[in-house]
Amino acid sequence: MTGIINDLTKIVSEAFEECGYDKSLGTVSVSDRLDLCQFQCNGAFAGAKQYRKAPFMIANDVVEKISGNEIFKSVEMVKPGFINMTLNDEIILKKTREIESDINLGIPQAEKSETIVLDYGGPNVAKPLHIGHLRSAIIGESLKRIARAMGNKVISDVHLGDWGLQIGLVIAELSERNPDWVCFSPDFDPEKDKVNPIDVDELNEIYPFASQKSKSDDAFKEKARAITAELQSGHKGYIAVWKEIMRVSVKDLKENYEKLYVDFDLWYGESDANKYVDELIDVLNKKGLIYKSEGALVVDVEEETDKAPVPPVIIKKSDNSNIYATTDLATIIQREKDFSPDRIWYVVDKRQGLHLTQVFRCAKKAGIVPESTELAHLAIGTMNGKDGKPYKTRDGGVMRLSDLINTVVEAAYGKMLDENFESDEEKREAAQKVAIAAVKFGDLSNHIQKDYIFDIDKFLSFEGKTGTYLIYTVTRINSILRNLGVDDNQPLSFNGIYSDIERELLLNIILSGEAFKHAFEERAPSVICDNAYKLASLFSTFYHDNHIMGETDKDKQSSWVSLCILVRRLLIKHLDVLGIKAVERM
Ligand code: ARG
């Protein structure tokens, strides 16, 4: 199916052309004054310059051409040159029926499906997931779902930080605590020796401990650095402990991401790119891009138009070790080989902007990806506490993600009434979903680059623009349908439009596809949040104004019930691409 904006743009563009004007002037948009008209075209203003003619004259020509079209209830020229259009109710109903029978619920499908690699999450192995990684997970998951809903192929990669100094620190500390472990013995044989198991709690405790220790103990720091280098060049014993650390840590990470309904197709890490580092150096050498500077191997990436300096990107440090940029570049080689993606999106903290700029420029210069491949940093802002500073625990530490979520789940549980549930188990389950909805919507409703304030009370409010309000709206529809004894799968019938609010609600339904399109084009889940909120608010007014249960006119009642069902499906679709799950009751 085609969206209504497309249909209208086609009609108006053709009219412009038939009147001898440029077709491209006929772009139609939704009116911002629904009381005046539903849609408008402002092309006559741009045309005025081109054709040296007053805009109202151009608009008049076009209006005359299209006014006979039965799709319109009214078309008029409004001075100085607007073209205002309002649809016939029959068309609104027809479009609504089309959406209802479309498996994509009117979400426009990409003409050419694109392959997009989405790099988000980026947690570091051996460090517990903390709230610094929350935004990337929430936003990346939503962008993945939006892009997929539009028919694109998206591959999500968690891109674990599993190869850096933090691992060396953990191994160094483990070796001091357990000098007798077989993996630390010089004759360790991975074929027959079993590594000693590591406990997740110890792992979570050991990194902060070792990191602290390295700050005051130079010998320890040096040892950790040496271990990191040996690990990276394949030391058998260290590889074996590293694998054990990975096993424990990844299991823990997966559990945490699962609670957030975040999942990844690939659980690759920085270590997986290691095998492409030689190829990277090779390519850079062949292109003559790499040179030695103060002992390190670097590539220039500055451009004439740079407003701030962009230093050369370091590929190998003077001790021959790989760094962050090396891994990111090698990973691009890997992704190009595996998927030849049209786009690679990095949902990463905005403070890593310079690093990613260097990496992207180097990749393009080296021809690791074609010029046409989009490498984009979808930079994200910080989640702040009420004091406006990055969110911290009460004692000023970094908040663990699991602790944060548990706090919100408890608060959500506390806000809901027992009597609304059939069992405590159901209430617990609902609290979990409401909490995630509150946290995610509180995040996603902001522009991704903006910093925002994490405010549990606000996010859990049943009123206003919150995730809680949205799933509450779904539960209200559930209860209407339960009381009427109808189920979601019954055939729908839209027989007429009986009030202005219904018309507005139906217009929003037939325009929802546009919201998905904009959200994708602008990489902005906030557009989905805005539309979902609008849909829910319009529904609430409609429900408040009309008594569905008591309605005796059967055509009217079945139209209204159909409206409830369709709004419910659409709201759930919006929530789904935000990574939020609805509940039956709350
Ligand atoms: N592990 C990194 C960190 O915690 C984030 C990784 C982001 N992704 C990337 N391809 N660089 O800062």
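Analysis parameters
Residues numbered from 1 in each chain as written. Predicted model: local features only at pLDDT ≥ 70, side-chain atom pairs only at ≥ 80, totals over all residues. Heavy atoms only, no water. Helix = DSSP H or I, 4+ residues; strand = E, 2+ residues; numbered from the N terminus. Buried < 20%, exposed > 50% of the residue type's maximum accessible area, 1.4 Å probe, protein only. Contact = heavy atoms within 4.5 Å. Lys, Arg positive; Asp, Glu negative; His and termini not counted. Charge placed at Lys NZ, Arg CZ, Asp CG, Glu CD. 1 Å grid on protein atoms, 1.4 Å probe; cavity = no way out; pocket = protein on both sides within 12 Å on 5 of 7 lines; lining within 4 Å. Points joined across faces, edges and corners; volume = space filled by probe spheres on them. Nonpolar A, V, L, I, M, F, W, Y, C, P; charged D, E, K, R; others polar. Axes fitted to C-alpha atoms, helices over the stretch in contact; angles between N-to-C directions. Parallel < 35°, antiparallel > 145°, perpendicular 65-115°, else oblique. Pairing = 2+ DSSP bridges. Right-handed = clockwise from strand over helix to strand, strands pointing away. Disulfide = S-S within 2.5 Å. Arc of directions from axis to C-beta. Left-handed = near helix turned anticlockwise from the far one by under 90°. Near = heavy atom within 4 Å. Polar contact = N/O pair within 3.5 Å; in protein donor to acceptor, adjacent residues only side chain to side chain. Areas by Shrake-Rupley, 256 points an atom, 1.4 Å probe, with all protein chains shown as cover. Phe/Tyr/Trp six-rings, centres within 6.5 Å; stacked < 30°, edge-to-face > 60°. Lys NZ or Arg CZ within 6 Å of the ring centre and 35° of its normal. Core = buried A, V, L, I, M, F, W, Y, C linked by side-chain atoms within 4.5 Å.

Engineer: Can you explain the overall build of the protein chain? Please cite residues and give values.
Structural biologist: Along its length, the protein chain carries 19 helices and 13 strands. Along the first, second and third principal axes, the C-alpha set of the protein chain runs to 85 × 65 × 45 Å. Relative to its 586 residues, the protein chain shows a buried fraction of 54%. Taking contacts inside the protein chain between residues at least 6 apart in sequence as the whole, the part at least 24 apart equals 74%. Here the protein chain contributes 74 positively and 93 negatively charged side chains, and the mean placements of these two sets differ by 2 Å.

Engineer: Give a description of empty space enclosed by the protein that names residues and reports values.
Structural biologist: If you walk through the whole model with that rule in mind, you get two cavities of 30 Å³ or more. Volume-wise, the largest cavity comes out at about 40 Å³. Lining of the largest cavity is provided by Val 117, Asp 157, Leu 266, Tyr 268, Gln 334, Arg 335, Asp 338 and Phe 339. The leading source of residues in the lining of the largest cavity is helix α11 (residues 324-339), at four residues. The residue inventory of the lining of the largest cavity, partitioned by class, reads four nonpolar, one polar and three charged. Empty space within the second largest cavity amounts to approximately 30 Å³. What lines the second largest cavity is simply Ala 126, Lys 127, Pro 128, Leu 129, Leu 203, Asn 204, Ser 249, Asp 252 and Leu 253. Secondary-structure elements contributing two or more residues to the lining of the second largest cavity are α7 (200-216) and α9 (236-259). The dominant element in the lining of the second largest cavity, judged by the number of residues it contributes, is α9, at three residues.

Engineer: Lay out the packing of helix α17 (residues 500-521) against helix α18 (residues 525-545) with the relevant residues and their values.
Structural biologist: Running from N to C, α17 and α18 point in directions that differ by 170°, and their axes come no closer than 9 Å. Our classification of the angle between α17 and α18 gives roughly antiparallel. Contacts from Ile 501, Glu 502, Glu 504, Leu 505, Asn 508, Ile 509, Ser 512, Ala 515, Phe 516, His 518 and Ala 519 of α17 reach α18 at Val 527, Ile 528, Asn 531, Lys 534, Leu 535, Leu 538, Phe 539, Thr 541, Phe 542 and Asp 545.

Engineer: Provide a residue-level description of the pairing of strand β11 (residues 374-380), including the pertinent values.
Structural biologist: Most of β11 is tucked away, with five of its seven residues classed as buried. Across seven bridges, the pairing between strand β10 (residues 343-349) and β11 is parallel. Across the sheet, the residue bridging to Tyr 346 is His 377, located in β11. Following the chain from β10 across helix α12 (residues 353-366) to the adjacent parallel β11, one finds a crossover that is right-handed.

Engineer: How would you explain the sheet that holds strand β8 (residues 296-299) if you had to name every residue and give the values?
Structural biologist: Strand order across the open sheet formed by three strands is β7-β8-β9, with antiparallel pairing between neighbours. At either margin of the open sheet sits one strand with a lone partner, and together these are β7 (290-293) and β9 (313-316). Neighbour-to-neighbour, the strand axes of the sheet open up by a mean angle of 45°, direction not taken into account. Where β8 lies against β9, three bridges are found, and the strand directions are antiparallel. Paired with Leu 297 across the bridge in β9 is Lys 316.

Engineer: Residue-level account of the state of the cysteines, with values.
Structural biologist: Applying the stated criterion across every chain yields a total of zero disulfides. Looking at the unpaired Cys 41, the closest cysteine sulfur is the one in Cys 37, lying at 11 Å. The exposure class assigned to Cys 41 is buried, which follows from its relative accessible area of 0%.

Engineer: Residues and numbers for the environment of Gly 122, please.
Structural biologist: Mapped onto the fold, Gly 122 is located in the loop between β5 (115-119) and α5 (134-149). When the C-alpha atoms of Gly 122 and Tyr 498 are compared, they prove to be 51 Å apart, with 376 residues separating the residues in sequence. Apart from the residues lying within four places of it in its own chain, the contact partners of Gly 122 are His 133, Val 158, His 159 and Tyr 257.

Engineer: An account of helix α2 (residues 43-51) is requested, with residue identities and associated values reported.
Structural biologist: When we look at burial in α2, the residues that qualify are Gly 43, Ala 44, Gly 47 and Ala 48. When α2 is viewed along its axis, its buried side chains cluster within an angular range of 145° and face the same direction. Those residues of α2 hidden inside the fold are in contact with α1 (4-18), β2 (39-41) and α3 (55-66). Arg 52 sits one or two positions beyond α2 and adopts a positive phi of about 45°.

Engineer: Got a sec to walk through the packing of helix α16 (residues 467-484) against α18? Specific residues and values, please.
Structural biologist: Across the interface, α16 lies against α18 with an axial gap of 10 Å and an inter-helix angle of 40°. Comparing their axes, α18 and α16 come out oblique. Between α16 and α18 the crossing geometry is left-handed. Along its contact with α16, which presents Tyr 469, Leu 470, Thr 473, Arg 476, Ile 477 and Ile 480, the element α18 presents Ala 532, Tyr 533, Ala 536, Ser 537, Phe 539, Ser 540 and Tyr 543. For the contact of α16 with α18, the per-class residue count stands at nine nonpolar, three polar and one charged.

Engineer: Quick one: what's the story with the site of the ligand, residue by residue and with numbers?
Structural biologist: Taken together, Asp 119, Gly 122, Asn 124, His 133, His 159, Tyr 324, Asp 328, Tyr 346, Val 348 and Gln 352 are the residues near the ligand. Between Asn 124 and the ligand, the recorded distance is 2.9 Å, taken from a side-chain N or O atom to a nitrogen atom. Note that an oxygen atom of the ligand is positioned 3.1 Å from one of the side-chain N or O atoms of His 133. Burial of the ligand by the surrounding chains reaches 85%, relative to a free accessible area of 350 Å². For the shell around the ligand, the elements supplying multiple residues, two or more each, are α11 and β10. Looking at the shell around the ligand residue by residue, the class counts come to three nonpolar, five polar and two charged.

Engineer: How would you explain the side chain of Thr 86 if you had to name every residue and give the values?
Structural biologist: Along the chain, Thr 86 turns up in strand β4 (residues 82-87). Given a relative accessible area of 13%, Thr 86 falls into the buried group. Not counting residues within four places of it along the chain, the set of residues in contact with Thr 86 comprises Leu 36, Cys 37, Gln 38, Phe 72, Lys 73 and Ser 74.

Engineer: Would you mind going over the packing of aromatic side chains in detail, with residue names and values included?
Structural biologist: The geometry of two aromatic rings is summed up by the distance between their centres and the angle between their planes. Counted under the stated rule, the structure contains 21 aromatic pairs. Where Phe 539 meets Phe 542, the ring centres are 5.8 Å apart and the plane angle is 55°; that geometry is what we call tilted. One end of the pair, Phe 539, and the other, Phe 542, are both in helix α18, three residues apart, so they sit about a helical turn from each other. Phe 542 carries the same exposure label as Phe 539, and that label is buried. When the ring centre of Tyr 413 is taken as reference, the NZ or CZ atom of Arg 428 above it lies at 4.0 Å. Positioned above the aromatic ring of Phe 520, the side-chain terminus of Arg 523 is 5.5 Å from the ring centre.

Engineer: Describe the nonpolar core, with residues and values.
Structural biologist: Ranked by internal contacts, the top residues of the largest apolar core, which has 165 residues, are Phe 39, Ile 83, Leu 87, Phe 454 and Ile 509. Examining the composition of this core, we find that 12 residues originate from one element, helix α19 (residues 554-578), more than from any other. Each residue touching Phe 454, except ones within four places of it in the same chain, is listed here: Met 383, Asn 384, Lys 386, Tyr 391, Leu 404, Val 408, Val 439 and Phe 459. Tyr 276, Ile 281, Ala 330 and Val 369 belong to the second-largest nonpolar core, a separate cluster that totals 33 residues.

Interpretation note: all reported values are geometric properties and have no functional meaning in isolation.
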